[in-house]
There are 2 protein chains.
Amino acid sequence: MAGKDNKKLVAEITSMDEDFARWYTDIVKKADLIDYSSVKGCMIIRPYGYAIWENIQKILDARFKETGVENVYMPMFIPESLLKKEKDHVEGFAPEVAWVTHGGNERLAERLCVRPTSETLFCEHYANIIKSYRDLPKVYNQWCSVVRWEKTTRPFLRSREFLWQEGHTMHRTAKEAEERTVQMLNVYADFFENDLGIPVVKGRKTDKEKFAGAEATYTVEALMHDGKALQGGTSHNFGNGFAKAFDIQFLDNDNTLKYAYETSWGVSTRIIGGIIMTHGDDSGLVLPPSVAPIQVVVIPVQQHKDGVLEAAEGIADTLKAAGYRVKLDDSDQSPGWKFSEYEMRGVPLRIEIGPRDMAEGKCVIVRRDNREKTFVSLENLTNSVAEGLSNLRDALYEKALNNRNARTFVAKSFDELKDIAEKESGYIKAMWCGELECELKLKEEADVSSRCIPFEGEAVSDTCVCCGKPAKKLVYWGKAY
Amino acid sequence: MAGKDNKKLVAEITSMDEDFARWYTDIVKKADLIDYSSVKGCMIIRPYGYAIWENIQKILDARFKETGVENVYMPMFIPESLLKKEKDHVEGFAPEVAWVTHGGNERLAERLCVRPTSETLFCEHYANIIKSYRDLPKVYNQWCSVVRWEKTTRPFLRSREFLWQEGHTMHRTAKEAEERTVQMLNVYADFFENDLGIPVVKGRKTDKEKFAGAEATYTVEALMHDGKALQGGTSHNFGNGFAKAFDIQFLDNDNTLKYAYETSWGVSTRIIGGIIMTHGDDSGLVLPPSVAPIQVVVIPVQQHKDGVLEAAEGIADTLKAAGYRVKLDDSDQSPGWKFSEYEMRGVPLRIEIGPRDMAEGKCVIVRRDNREKTFVSLENLTNSVAEGLSNLRDALYEKALNNRNARTFVAKSFDELKDIAEKESGYIKAMWCGELECELKLKEEADVSSRCIPFEGEAVSDTCVCCGKPAKKLVYWGKAY
């Protein structure tokens with residue numbers, strides 16, 4: 001960072017209104033979240049980016065475990081024959097997997113794909129260990145990386161390799177599987193809304209958009225600042241389709257053999273892209289406190305003056321002791337440079353302390369989102385920080401919700417929908433007959449895809465926005481990342 | 001676990017004296033640490049095994065971060081041309097890597113190997129981000145899986161894919177790099193000895209045994225119950241060889257361009273194999289408390305009787321509140337079955353509570369390692385558990401140290417060494433002239449490899465045990481996993 005100055009740093013970010021895609025790429029690079037490598041389509045997640053992921057993992061992993069989840073690790077390779085066991089599944093994934101054909105100098109007898117997802121491996125294992133109803137449920141998860149050979153890639157949003165968690169569970173009854181599917185969706189929704197300050201729409205995917213091999217896919221959809229949607233996390237109910245393909249049967253207490261019911265659910269490093277595009281601004285990242293690697297940065301002003309550095313250290317120590325992630329920047333950069341630098345990095349709160357503040361027993365807290373300055377008493381610092389972080393979380397949520405509300409439209413006819421899709425960017429709520437044909441036509445002629453059939457939401461008309469036949473479902477349509 | 005009975009369970013483990021290799025395989029399977037899959041040479045790490053790994057990670061990750069380590073994530077693929085950039089390195093690894101040749105249906109322009117280790121990727125990244133002495137040191141680490149196409153595999157000890165951490169650091173001076181190399185070796189040594197109760201010998205690898213591309217490899221070597229050695233963790237000083245191959249130069253404060261100095265260091269899931277083979281016995285696993293997924297199991301006796309279950313729950317709650325990992329087993333299996341089950345799983349302490357104990361305000365604590373029973377007052381329970389766990393850790397270390405001492409031999413002549421190597425299993429301390437020829441001859445004719453040149457240890461004679469020329473170094477020789 002040496003040698004950069006304040007103005008140069010900020011000037012390096014493209015304005016989001018000017019070019020949202022470039023603004024995004026500028027941020028992931030300039031905030032040191034990622035770097036590129038000679039491995040095309042893959043990214044290096046740098047310390048600051050990875051620390052966000054570690055915080056996401058820590059929160060979610062604890063929530064998962066509260067619901068009885070146990071972590072495991074499956075091999076990263078899947079033999080071609082195993083991948084092919086469930087028909088829909090292999091059709092969905094085979095075109096985009098990476099194939100290992102040689103081990104050392106020897107050609108393998110059977111190709112192995114690098115896991116794009118691990119349903120097949122979990123099923124093979126479950127077939128091995130599930131014998132009786134007493135062995136159920138099994139609620140496993142793994143944190144790992146997966147590979148999908150994408151043509152076009154963007155950091156965090158779409159890359160050939162990405163980090164994620166994949167939960168795979170087995171149940172005695174269809175009802176229990178459905179409950180687990182919804183339960184995990186709710187864990188995701190709660191995490192997005194309460195921890196990340198990102199409002200989501202919970203709903204079900206259409207058959208066209210559901211996961212390869214699933215009976216039902218549920219999703220949490222978030223709307224980015226530019227009005228494009230991001231699928232934040234998905235939870236799938238497989239019924240017993242995979243259990244039949246993999247022969248996962250158990251002896252029930254009525255002494256008959258039954259197939260088990262399966263779910264899977266996952267979120268990925270894509271969440272980081274969602275945070276950037278929901279909360280970021282022209283000065284850089286804005287991080288929700290729950291996952292910010294640095295929650296509070298302490299910046300001494302006129303630090304060469306008597307006692308300033310000691311006071312700054314005292315503040316940092318107090319806040320660390322209270323459990324906050326704190327950084328004291330006592331480097332020889334100017335305060336102005338530091339202000340910009342930590343704004344770029346999205347640190348939620350900045351504390352400034354100089355000789356005059358000290359004399360008054362105060363310091364200044366500046367919020368990253370609205371730059372609001374508050375003079376607070378040093379005696380009451382920990383409470384002020386708690387309040388500041390909490391208010392910032394609420395404000396982020398509020399702002400994102402307002403953006404979503406302003407960008408949510410209703411269309412009752414095809415022309416209306418097409419018109420909105422051309423002029424605006426956001427969700428279009430419109431009714432649907434349930435036919436694939438209409439979904440395809442909307443994609444082709446209005447360039448929108450179905451984001452989800454929301455769990456909540458009232459009919460906006462009686463007829464399908466596309467064909468005019470009686471409508472079955474309300475659908476959120478939009479353009480997506 | 002339903003339907004198994006006490007006797008059957010224990011009878012399923014081969015005695016370690018009868019067949020150590022089978023005893024090991026029995027344990028990893030019967031204690032539900034791993035399962036096999038259709039992916040040859042790879043293993044599934046099951047919840048109980050993975051929980052041990054999570055505990056290992058948690059402890060080490062915190063220790064790393066205390067020394068300034070930052071975590072990152074690098075791509076899992078390495079283009080062939082990148083792997084080839086450092087000559088010794090590619091020669092060491094190319095014969096045992098898995099090659100990806102196709103993405104989807106397309107043949108790749110250049111093959112990618114699945115990382116066997118990531119020096120090359122880290123170096124490419126470092127070349128990109130290190131410009132000035134102010135950018136140094138860089139102290140990065142990643143937790144991930146790596147792949148080496150081994151012919152013969154054994155769970156945890158040698159598998160085609162395994163989990164590990166790999167630290168890669170860059171420094172301004174050779175001295176600083178050497179200090180970091182030794183610092184991380186000491187972190188490992190401390191973890192093995194104090195947390196896992198496994199005594200280690202710290203030392204340097206001979207040139208023959210060092211890491212491909214390293215100037216020096218340091219190791220912590222542990223001796224297993226059967227007298228075979230296990231390389232527990234290694235720390236490498238690369239000098240500036242990789243920096244030259246990857247052009248990692250920085251402008252120093254004397255305004256000249258200099259090559260940076262590199263280290264790398266890692267430990268893997270092999271540690272779990274080491275724990276099993278150091279502490280296990282004929283009843284199963286014996287886990288050091290620091291990494292045991294369950295530190296205390298509470299087993300109610302005559303649990304149908306008034307108040308027993310409540311008392312057991314009270315004990316479990318008290319210990320959980322004190323921060324211990326506790327399981328209450330109130331299933332309808334017999335207490336005898338439960339005793340065997342948790343012995344098999346290596347749970348350090350078992351607490352039994354029945355009506356008579358309750359009446360006396362007491363419970364029974366049974367230690368896994370020596371089965372010592374202590375009646376303790378419920379009032380003082382938390383202290384008794386702390387003491388029990390601490391004593392068990394000490395006893396494990398003591399026992400392992402005694403085993404190592406009993407299995408450490410000294411040889412002053414080739415015949416003596418060969419004789420010991422044939423009759424005994426353990427370390428043989430013997431002097432070495434430093435020539436590769438002698439090292440190869442010992443391997444070929446006495447079937448021992450050099451484990452390390454210990455940091456501490458006095459000369460046992462003046463001449464090389466092999467050629468009789470003046471000796472330069474004391475070496476620990478042995479057979480290894």
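Predicted, not measured: the structure shown is a model, and the values here were computed from it. (Residues numbered from 1 in each chain as written. Chains lettered and ligands numbered in written order. Predicted model: local features only at pLDDT ≥ 70, side-chain atom pairs only at ≥ 80, totals over all residues.)

### A word on the overall build of chain A
If you tally the helices and strands in chain A, you get 15 helices and 23 strands. Its C-alpha radius of gyration of 25 Å places chain A within 12% of the 23 Å reference for a compact globule of 481 residues. Principal-axis analysis of the C-alpha atoms gives chain A an extent of 80 × 55 × 50 Å. Relative to its full complement of 481 residues, chain A shows a buried share of 50%. Contacts in chain A between residues far apart in sequence, at least 24 positions, make up 68% of those at least 6 positions apart. (Helix = DSSP H or I, 4+ residues; strand = E, 2+ residues; numbered from the N terminus. Rg over C-alpha atoms; globule rule 2.2 N^0.38 Å. Buried ≥ 20, exposed ≤ 12 C-beta atoms within 10 Å, placed from the backbone. Contact = placed C-beta atoms within 7 Å.)

### Notes on the relation of the copies chain A and chain B
The two copies are related by a screw motion: chain A maps onto chain B through a turn of 180° and a shift of 0.0 Å along the axis, at an RMSD of 0.0 Å. In short, the pair behaves as if placed about a two-fold rotation axis. Within chain A, Val100(A) has its C-alpha nearest the rotation axis, a separation of 2.1 Å. When the interface residues of chain A are mapped onto chain B, 100% of them are again interface residues, pointing to one common binding face. (Least-squares fit on C-alpha atoms with pLDDT ≥ 70 in both.)

### Digging into the interface of chain A and chain B
Between chain A and chain B, the residue contacts involve 46 residues of the former and 46 residues of the latter. Looking at the side of chain A that touches chain B, the elements that each hand over two or more residues are β2 (43-45), α3 (47-66), β3 (70-71), β4 (77-79), β5 (98-103), α6 (119-129), β7 (138-147) and β8 (161-171) of chain A. Ranked by the residues each element gives to the side of chain A that touches chain B, the list is headed by β5(A), at 6 residues. Of the residues that constitute the side of chain A that touches chain B, the class distribution is 26 nonpolar, 12 polar and 8 charged. In the sheet, β5(A) pairs with strand β5 (residues 98-103) of chain B via 5 bridges, with the strands oriented antiparallel. Residue pairing across strands places His102(A) opposite Trp99(B), the latter belonging to β5(B). (Nonpolar A, V, L, I, M, F, W, Y, C, P; charged D, E, K, R; others polar. Pairing = 2+ DSSP bridges.)

### A few points about the sheet that holds strand β19 (residues 373-377) of chain B
Residues and elements named next belong to chain B. Ordered by their spatial adjacency, 5 strands build an open sheet running β16-β15-β17-β18-β19, and the pairing between neighbours is mixed. On the outer flanks of this sheet lie β16 (326-328) and β19, each paired with one strand and no other. Across the sheet, the mean angle from the axis of one strand to that of its neighbour is 25°, orientation sign disregarded. The sheet contact formed by strand β18 (residues 362-367) and β19 spans 5 bridges and is antiparallel. Bridge pairing links lysine 362 to serine 377 in β19. Each of β15 (296-300), β16, β17 (349-353) and β18 touches helix α10 (residues 308-321); the most contacted strand, β15, lies at about 170° to it. (Axes fitted to C-alpha atoms, helices over the stretch in contact; angles between N-to-C directions.)

### Some details on the pairing of strand β18 (residues 362-367) of chain A
Residues and elements named next belong to chain A. Alignment of strand β17 (residues 349-353) against β18, held across 4 bridges, turns out to be antiparallel. Bridging across to β18, isoleucine 351 finds its partner in isoleucine 365. Following β18, the chain reverses through 5 residues before pairing antiparallel with strand β19 (residues 373-377); arginine 371 in that reversal takes a positive phi of roughly 60°.

### Things to note about the sheet that holds β18(A)
Residues and elements named next belong to chain A. Strand order in the open sheet formed by 5 strands is β16-β15-β17-β18-β19, with mixed pairing between adjacent strands. Each edge of the open sheet carries a strand with a single partner, namely β16 (326-328) and β19. Looking at each pair of strands side by side, their axes are set apart by 25° on average, direction ignored. Across the sheet, helix α10 (residues 308-321) touches β15 (296-300), β16, β17 and β18, and the angle it forms with β15 is around 170°. Lying over the sheet, helix α13 (residues 381-406) contacts β15, β17, β18 and β19, oriented at roughly 10° with respect to β18.

### Regarding the domain arrangement of chain A
Residue and element names in this part refer to chain A. Domain parsing of chain A yields domain 1 (30-279), domain 2 (296-392) and domain 3 (408-478). Of note, the centres of domain 1 and domain 3, computed from C-alpha atoms alone, are 28 Å apart. The interface of domain 1 with domain 3 comprises 15 residues on the first partner and 15 residues on the second. For the side of domain 1 that touches domain 3, the secondary structure elements donating two or more residues are β9 (200-204) and β10 (216-223). In terms of residue count, β9 provides more of the side of domain 1 that touches domain 3 than any other element does, 4 residues in total. Taken together, the residues of the side of domain 1 that touches domain 3 break down into 3 nonpolar, 4 polar and 8 charged. (Domains from an automatic or database assignment.)

### A short note on the confidence of the model for chain A
Residue and element names in this part refer to chain A. Chain-level statistics for chain A give a pLDDT mean of 95 and a share of 98% at 70 or above. Counting contacts from residues 1-7, a segment whose pLDDT is below 50, to residues more than four positions away or on other chains yields 8 contacts. Across the interface, the model reports ipTM at 0.95; the global pTM reads 0.96. (pLDDT = per-residue confidence, 0-100.)

### Some details on helix α2 (residues 20-30) of chain B
Residue and element names in this part refer to chain B. Those residues of α2 not exposed but buried are Trp23, Tyr24, Ile27 and Val28. Looking straight down α2, one finds its buried side chains confined to an arc of 125°; they lie on one side. Where α2 is buried, its residues touch β1 (34-36) and α9 (270-279). The positive-phi residue at the C-terminal boundary of α2 is aspartate 32, with phi of around 60°. (Arc of directions from axis to C-beta.)

### Things to note about the environment of Tyr50(B)
Looking at where Tyr50(B) falls in the secondary structure, it is placed in helix α3 (residues 47-66). When the 24 C-beta atoms within 10 Å are taken as the criterion, Tyr50(B) is described as buried. Considered as a pair, Tyr50(B) and Glu80(B) are 30 residues apart in the sequence and their alpha carbons are 32 Å apart. Filtering out sequence-adjacent residues up to four positions away, Tyr50(B) remains in contact with Asn71(A), Val72(A), Tyr73(A) and Ile45(B).

### Regarding the environment of Ala480(A)
Residue and element names in this part refer to chain A. In this structure, alanine 480 sits in the segment after β23 (473-478). It is 9.9 Å that separates the C-alpha atoms of alanine 480 and tyrosine 427, two residues lying 53 residues apart in sequence. Every residue in contact with alanine 480, bar those within four places of it in the chain, is listed here: Lys228, Ala229, Leu230, Gln231, Ser449 and Arg451.

### Observations regarding the packing of α3(A) against helix α7 (residues 174-195) of chain A
Residues and elements named next belong to chain A. Relative orientation of the contacting elements α3 and α7 amounts to 140°, with a least axis distance of 11 Å. It follows from the interaxial angle that α3 and α7 lie oblique. Considering the relative orientation of α3 and α7, their crossing is right-handed. Here Ile59, Leu60 and Arg63 of α3 lie close against α7, whose contacting residues are Val187, Phe191 and Asp195. (Parallel < 35°, antiparallel > 145°, perpendicular 65-115°, else oblique. Left-handed = near helix turned anticlockwise from the far one by under 90°.)

### Comments concerning the nonpolar core
Ranked by size, the top nonpolar core spans 296 residues in total, and within it Val298(A), Ile315(A), Ile428(A), Val298(B), Ile315(B) and Ile428(B) carry the most contacts. If we skip the residues at most four places from it in the chain, Val298(B) touches Ala312(B), Ile315(B), Ala316(B), Val326(B), Leu328(B) and Ile351(B). (Core = buried A, V, L, I, M, F, W, Y, C linked by C-beta atoms within 7 Å.)

### Regarding the environment of Arg46(A)
Structurally, the position occupied by Arg46(A) is in the loop between β2 and α3. Discounting chain neighbours no more than four positions away, the residues touching Arg46(A) are Asp32(A), Leu33(A), Ile34(A), Asp35(A) and Val72(B).

### Some words on unusual backbone geometry
All names here are of chain A. A cis amide bond links leucine 136 with the next residue in sequence, proline 137, at an omega value of -10°. Mapped onto the fold, proline 137 is located in the loop between α6 and β7. At aspartate 32, a residue that is not glycine, the phi angle is positive and equals roughly 60°. Of note, aspartate 32 is situated in the loop between α2 (20-30) and β1 (34-36). With a phi angle near 55°, aspartate 247 is a residue other than glycine that sits in the positive phi range. Mapped onto the elements, aspartate 247 comes out in the loop between α8 (241-246) and β12 (249-251). C-beta crowding within 10 Å serves as the criterion here: with 11 such atoms nearby, aspartate 247 is assigned to the exposed category.

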